[in-house]
Amino acid sequence: MSQKYVRFVGIDWGSEKHQACVIDAKGKRKEWSFAHSSAGLADLVKRLERMAAGHPEQIAVGIETPRSAIVEICIERGFHVFSINPKQLDRFRDRHSVAGAKDDRLDAFVLADSLRSDEHCYRRVQLDGPLVIQLRELSRLDEDLTQEKVRLCNKLGAQLNRYYPQLLPLCSAVDALWFWALLERAPTPAAGRSLSEDELVRLLATYRIRRVTAQQLRAALQEKALQVGPGVAEAASLHVNSLVERLRLIERPRQCCDEQLKAMLKQISEGSHPEASPGRPSDVEILQSFAGAGPTVTAVFLSEAAQPVASRDYQALRLYSGVAPVTRATGKRSGNRASIGMRRGCSHRLRWAMHIWAKNSVLHDPRSRSHYEELRNRGHGYARTLRGVGDRLLKVLVAALRDGRLYDAQRDGRPLVRANKEVPSR
């Protein structure tokens, strides 16, 4: 039991109203509900401040989410806020109801009671800086826009494959601005055959495309079209025009978001140099010195794992990003029969960023490539090998952050592969 807190507060948060439960050190409790409004949050703070009697640090607040208006206002008023994974809370709930009962009052009580008895299972929440909050929002917006663009491009490709497949080899991903402009000029095979070579030359020159020539483009447009039913090409072209308009609508804010993301990283990098050591690189510069860690990966790590990066916590980073495996060794499945699987309880955005980082690092970093081939030679699958490469990258990253130095693959002069391992060239 914790001795520094005199009261423990559990808050079961909802969309319209929240349930609060306060337990003192002896187990006595008080409950009430409050609305999700300015007045409701003000009433919560007023009640807690009255209980704190001028010492807000003596009140611990437990909640399932690490980010919400409740969390922010409680931390700003000096209360200590702790968060817990909903799955862990579900296990604590079984202490009080093995029948599986669940309601808001019970959840609030379980939060307060488990925080009183098992504070070590909770994670203390700290507010991130304004720039980190903006960076997190920008990176999530960039991900949403990118996913929406991919979905629309997949639909566009499906429609073209339906009646206009000769254009797909020109731009297989159908995600280029010049390709959309071509579809606007030639939405059907008949319209494409009517385009002159001069028009195609001007189109390619406008978008500065050199990988495709006007002759190749005209040859593709002059190919014999698929035999489709009457009205199919015209109907599908209407769908294609709508998809192109939506893609253009998304592409503009996506490019703007990408530029803002880079500007925000530059601002964070310039503002994080301590005066005592002006030559020491910032966290942004150290992260981007790794091969494969571009602006998007850097933004995700600095925003979604701000506290572990700031505290140089290697174990927390590998847990959050999902590269740490999960071992199941119990009963007959112990020893050599124990199973080691992928960790699924992690931040999915960090897992995606770690996957991209490891994948690109294998292509451009000799040490990562060597480690990748060594793990593959041991018989590991592709995804498992990338997690192993990512685990090594996190260990090197934490060491670089602690030392305040940029990454250098040849810094220590050690061989890229072990002497007793033969790594074939691929």
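Report follows, based on the coordinates. (Residues numbered from 1 in each chain as written. Predicted model: local features only at pLDDT ≥ 70, side-chain atom pairs only at ≥ 80, totals over all residues. Heavy atoms only, no water.)

**A few points about the environment of P325**
Among the secondary structure elements, P325 is positioned in the loop between α14 (314-321) and β7 (326-328). Note on P325: relative accessible area 41%, which makes it partly exposed. Taking C-alpha positions, P325 is 9.2 Å from R344, a pair spaced 19 residues apart along the chain. Other than its neighbours up to four places away in sequence, P325 contacts R318, I340, G341 and R343. (Helix = DSSP H or I, 4+ residues; strand = E, 2+ residues; numbered from the N terminus. Buried < 20%, exposed > 50% of the residue type's maximum accessible area, 1.4 Å probe, protein only. Contact = heavy atoms within 4.5 Å.)

**Topic: the sheet that holds strand β1 (residues 7-12)**
The strand order β3-β2-β1-β4-β5-β6 describes an open sheet built from six strands, whose pairing is mixed. Looking at strand neighbours, the two that pair on one side only are β3 (29-35) and β6 (123-124), the edges of this open sheet. In this sheet, strand β2 (residues 17-24) lies alongside β1 in antiparallel orientation, the contact comprising six bridges. Bridging from a neighbouring strand, D12 pairs with Q19 of β2. In this fold helix α1 (residues 38-52) packs onto β1, β2, β3 and β4 (59-63), with an angle of close to 155 degrees to the strand it touches most, β3. The strands that helix α2 (residues 69-76) touches are β1, β2, β3, β4 and β5 (80-83); relative to β5, the one it contacts most, it runs at about 150 degrees. (Pairing = 2+ DSSP bridges. Axes fitted to C-alpha atoms, helices over the stretch in contact; angles between N-to-C directions.)

**Brief notes about the pairing of β1**
The element β1 is extensively covered by neighbouring structure, given that five of its six residues are classed as buried. In textbook terms, the turn of a hairpin is the stretch between consecutive antiparallel strands, and for β1 and β2 this stretch comprises four residues.

**Observations regarding the pattern of salt bridges**
Any two side chains of opposite charge can pair if their charged atoms end up close together. Within the structure shown, the criterion is met by 24 salt bridges. Close ionic contact of E148 with R151 constitutes a salt bridge, the shortest N to O distance being 2.8 Å. Pair noted here: E148 and R151 are both in helix α5 (residues 130-163), with a separation of three residues, about one helical turn. You can call R151 partly exposed: its relative accessible area is 43%. (Salt bridge = Lys/Arg side-chain N within 4 Å of Asp/Glu carboxyl O.)

**So, the packing of aromatic side chains**
Per the stated rule, a full pass over the model turns up eight aromatic pairs. Look at Y163 and Y164: their rings are 5.5 Å apart centre to centre, the planes differ by 40 degrees, and that puts the pair in the tilted class. Y164 carries the same exposure label as Y163, and that label is buried. Sitting over the ring of F109, R29 keeps its end group 4.2 Å from the ring centre. Between R47 and the ring centre of W32, over which it is positioned, the NZ or CZ distance is 4.6 Å. (Phe/Tyr/Trp six-rings, centres within 6.5 Å; stacked < 30°, edge-to-face > 60°. Lys NZ or Arg CZ within 6 Å of the ring centre and 35° of its normal.)

**Here's the deal with the layout of surface pockets**
A water-sized probe rolled over the atoms picks out the places where empty space is left. In this structure, the largest pocket occupies an estimated 1300 Å³ of space. Along the wall of the largest pocket there are 41 residues; nearest its centre are P66, S83, N85, R123 and Y320. For the lining of the largest pocket, the elements supplying multiple residues, two or more each, are α2, α3 (86-93), α5, α12 (295-304), α13 (306-311), α14 and α15 (348-364). Per element, the largest residue contribution to the lining of the largest pocket is four residues, and it comes from α5. Here the lining of the largest pocket is composed, by residue class, of 18 nonpolar, ten polar and 13 charged. (1 Å grid on protein atoms, 1.4 Å probe; cavity = no way out; pocket = protein on both sides within 12 Å on 5 of 7 lines; lining within 4 Å. Points joined across faces, edges and corners; volume = space filled by probe spheres on them. Nonpolar A, V, L, I, M, F, W, Y, C, P; charged D, E, K, R; others polar.)

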